[in-house]
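Letter by letter, the chains look like this.
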Amino acid sequence: MPCPWYTYGMCTSPKLDMPTDAVTSPERCLDDARYRTCPYYVEPSGSREAQSQSSSTKRRQSFKVYAPIHALLSNISIGCPFAEVMVLENGIRVAYCKILDRLLTRFEAELCAKHWKDCPYRAFASTPT
């Protein structure tokens, strides 16, 4: 079994501020005997497992996350009521658009944070039927 913090080629350890591929070593991360010696390894807590039972967490698990394009690299704040910045159970931060019902790429999340008031999807969703 690989390290529980190794996801899509990135380290999502709680000891890191954000997921990164800078500290990953597939030889160590995928080796059951060696990943526990990594300085970024921590035992997964029981509270994390309890959280995974909530319905919102189950919904988040259904997303196809590709960390190189979905993982947010900075603390981003989106003022749009239809957008949500989520922290997945593996520690990766992603942006979700409720109108599109999908994850936003890093680039889309930055645009959304800057120009959410001008978003055509938001305008369409806000239009009364």
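Relevant structure appears above.
Residues numbered from 1 in each chain as written. Predicted model: local features only at pLDDT ≥ 70, side-chain atom pairs only at ≥ 80, totals over all residues. Heavy atoms only, no water.

Draft legend 1. Highlighting the overall build of the protein. Scanning the protein from terminus to terminus reveals six helices and five strands. When the helices and strands of the protein are placed in sequence order, the string is β-β-α-α-α-α-β-β-β-α-α. Taking all 129 residues of the protein together, 33% fall into the buried category. A fraction of 51% describes how many contacts in the protein between residues 6 or more apart in sequence connect residues 24 or more apart. Accessible surface, the protein: about 8100 Å² in total, of which carbon and sulfur atoms supply 55%. (Helix = DSSP H or I, 4+ residues; strand = E, 2+ residues; numbered from the N terminus. Buried < 20%, exposed > 50% of the residue type's maximum accessible area, 1.4 Å probe, protein only. Contact = heavy atoms within 4.5 Å. Areas by Shrake-Rupley, 256 points an atom, 1.4 Å probe, with all protein chains shown as cover.)

Draft legend 2. How the structure looks around a nonpolar patch on the surface. A contiguous nonpolar surface patch, about 330 Å² in accessible area, is contributed by Tyr8, Tyr66 and Ile69. Mapped onto the fold, Tyr8 is located in the loop between β1 (6-7) and β2 (10-11). Here Tyr8 falls in the partly exposed class, since its relative accessible area comes to 48%. (Patch = residues over 30% accessible without salt bridge, like charges linked within 9 Å, V, L, I, M, F, W, Y side chains within 5 Å. Salt bridge = Lys/Arg side-chain N within 4 Å of Asp/Glu carboxyl O.)

Draft legend 3. Local environment of the sheet that holds strand β4 (residues 93-97). In space, the three strands of this open sheet follow the order β3-β4-β5, with antiparallel pairing throughout. Either end of the sheet is taken by a strand with one partner, and the two such strands are β3 (83-87) and β5 (102-104). Between one strand axis and the next, the sheet turns through 40 degrees on average, direction left out of account. Those strands touched by helix α5 (residues 106-115) are β3, β4 and β5, and its axis lies near 80 degrees from that of β5. (Pairing = 2+ DSSP bridges. Axes fitted to C-alpha atoms, helices over the stretch in contact; angles between N-to-C directions.)

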